[in-house]
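# Commentary on secondary and tertiary structure
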Amino acid sequence: MAMQTRKWARQTIKYILAKIAWLIWWRHRPGVIGVTGSVGKTSTKLAIAEVLKPDYRVRCSPGNLNTEFGLPLVLIGGWTDDQLQNVSWEAPPTIGRWRKGWFWLGVICRGLKVLLTRQADYPEILILEYGADRPGDIHQLLQIIEPNVSVVTAVGEIPVHGEHYSGTEEVVREKAGLVECLPAAGFTALNCDDPRVLAVARRTRAQVLTYGFAREAQLRISGLEHRVKRIVDQEKFQLAGARPWGVVFKLEYGSVAAPVRMAGVFGRAQVYAAAAAAAIGIIFGLKLEDIAARLGQYQPPPGRATLLPAIKDSYLLDDSYNASPLSVRLALETLAALPGRRKVAILGDMLELGPQSDEAHEQIGRLAAGSADVLITVGRNAKHIAAGARAEGMPQARIWSFNETSDEAIAAAQRLVAPGDLILVKASHAMHFADFVVQLRRAGQDGAEPEVRPLANFVPQSRPLPPFRPTVWPTVLSAQRKSATIPRRKLVRVMEKKKARAVRSPPSQPVLTKSNRSVAKPAVGHEPLI
């Protein structure tokens, strides 16, 4: 009986929050950017906010508020970190049911206040993260709020949460729901390097802008390099070493290119997030040069490839927030690209992978053998990582395995680390690898920003931005603001008529249409990400 009561209360709160959230959107009419994918959602969301916030009032969902309970909290807004502990993964077990009950009652009251009172500073743009753990999750989130612009980051060959789906194709269909719901006046940015994501372009009427390293990408990433900061011994007046600094790369769109310099950012995963944000900036009509300058201010969220000073004068690459086969592969690639006396990889279980779990862990082990000098695995599934590394030829003397994140595993890691080492820490969130980060980290001082040489063979161009000026997106916003009393179906018809008139009377510069979308496969000789 008590379980049925809790289930009824949960469903009731979910229903009330969904209605309040939709009514708040209906009254204030903000533009909505939806982000989904198996990896990189949070980083992409924050990078988009960094690009748009100089021109718009922007709000993005904090943390991982990407569920039926989290999305309404974003639309209501105004929450402190302590309050969000009630819905966070890190919620301590001491939080009782009564406290959570009072919290949700307060959420409903605050939502009614936002709905019924004038909010002059309400955001113009909402950047929402759409998560999916089980089939139907995206559909339920779309019942709360549908986006005007969608971003699909990456899915990968073996996506996370795969144990709840029949296969990778079902995961792709789930993620594609965020693109299928777009009207013809909408826009979507898709990762061109993931063929599963690229195929989603055929499932939408909206205009598509692709990004990635592939030659077919409309917004192309090129010239990616990891830069280091040289450390000089002041007493001996000689070079004492180097520490990782960040990445530099070029963004190319049509005939225009712009260099991007991002300090404290490492790895292709973060570069993909920056490119997705740049694609959204282009959709909003921003100049590529301005987008590149704003991306230079972006900093990754904690636990996503952030570089920290560690014990014994070593460096820690903290990528401990979560893990999937694709994200671990990118993390190992980053580990291999950065300087270090030795490369130490501390890898844990990748959870919720389903029947392909053992194979996925073994593949990661084979990759780790080529990227790391020392391998420490933690977890029962991670033993297959160690087996894969041994099969690839990594000596047993450089491999240590532990069943769980115990004091013994942490002590072994502390003992094995030597001065100048670069340490990668990565596992699924449920493995609580934050303990490794705390134990291996130490306070340090960051010096001045190093002098970075220009990108090789790069010539700045001052030609105007090529055609993808959003003649439709401002129309959508104006239609929303001028039709606060228009029913939702009628609003859709208004936007469709605006789109039809734009097609009959084309602007002086053509916009991206379905006829010139790039949905081709990567060119021969290009090594795709997946």
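Here, the structure is the one placed above.
Presented here is a report on the structure given in the accompanying data block. (Residues numbered from 1 in each chain as written. Predicted model: local features only at pLDDT ≥ 70, side-chain atom pairs only at ≥ 80, totals over all residues. Heavy atoms only, no water.)

## Structural notes on the overall build of the protein
For the protein, the count of helices and strands is 17 helices and 15 strands. In the protein, buried positions account for 53% of the 530 residues. By sequence separation, contacts in the protein at least 24 residues apart represent 72% of the contacts at least 6 residues apart. For the protein, the exposed area adds up to about 24,400 Å²; of that, 52% sits on carbon and sulfur atoms. (Helix = DSSP H or I, 4+ residues; strand = E, 2+ residues; numbered from the N terminus. Buried < 20%, exposed > 50% of the residue type's maximum accessible area, 1.4 Å probe, protein only. Contact = heavy atoms within 4.5 Å. Areas by Shrake-Rupley, 256 points an atom, 1.4 Å probe, with all protein chains shown as cover.)

## Comments concerning the pairing of strand β10 (residues 306-310)
Two faces belong to every sheet, and in a regular strand the side chains alternate between them. Taking burial as the measure, the 5 residues of β10 include 5 buried ones, the bulk of the element. Of the two faces of β10, both are covered, the one formed by T306, L308 and A310 as well as the one formed by L307 and P309. Relative to strand β11 (residues 314-318), β10 runs antiparallel, the two sharing 5 bridges. Bridge assignment links A310 to a residue of β11, and that residue is S314. Here β10 folds back onto β11, and the loop between the two strands holds 3 residues, one of which, K312, carries a positive phi near 55 degrees. (Pairing = 2+ DSSP bridges.)

## Points about the nonpolar core
Membership of the largest hydrophobic core comes to 47 residues, with the highest contact counts inside it found for L73, V107, L128, Y130 and I145. Those elements giving two or more residues to this core turn out to be α1 (2-28), α3 (70-76), α5 (97-116), β3 (125-129), α6 (137-144) and α7 (168-180). It is α5 that contributes the most residues to this core, 6 residues altogether. In terms of nonpolar packing, the next biggest core, distinct from the first, is built from 45 residues, A189, F213, F284 and L288 among them. (Core = buried A, V, L, I, M, F, W, Y, C linked by side-chain atoms within 4.5 Å.)

## Brief notes about the packing of aromatic side chains
Considering all chains together, one arrives at 7 aromatic pairs under this definition. Aromatic pair F213 and Y272: ring centres 5.5 Å apart, planes at 85 degrees, arrangement edge-to-face. Linking F213 in the loop between β6 (207-212) and β7 (219-233) with Y272 in helix α9 (residues 268-283), this pair joins segments that are 59 residues apart in sequence. The class of F213 is buried, set by a relative accessible area of 12%. With relative accessibility at 6%, the residue Y272 sits in the buried group. Their ring planes at 55 degrees and their centres at 4.9 Å tell us that F433 and F436 sit as a pair that is tilted. For the pair formed by F433 and F436, the shared burial category is buried. Every member of this aromatic cluster is reached through a ring pair, and the members are F69, W79, F103 and W104. A cation over an aromatic ring shows up here: R110 above the ring of W79, its NZ or CZ 4.2 Å from the ring centre. A cation over an aromatic ring shows up here: R304 above the ring of Y321, its NZ or CZ 3.5 Å from the ring centre. (Phe/Tyr/Trp six-rings, centres within 6.5 Å; stacked < 30°, edge-to-face > 60°. Lys NZ or Arg CZ within 6 Å of the ring centre and 35° of its normal.)

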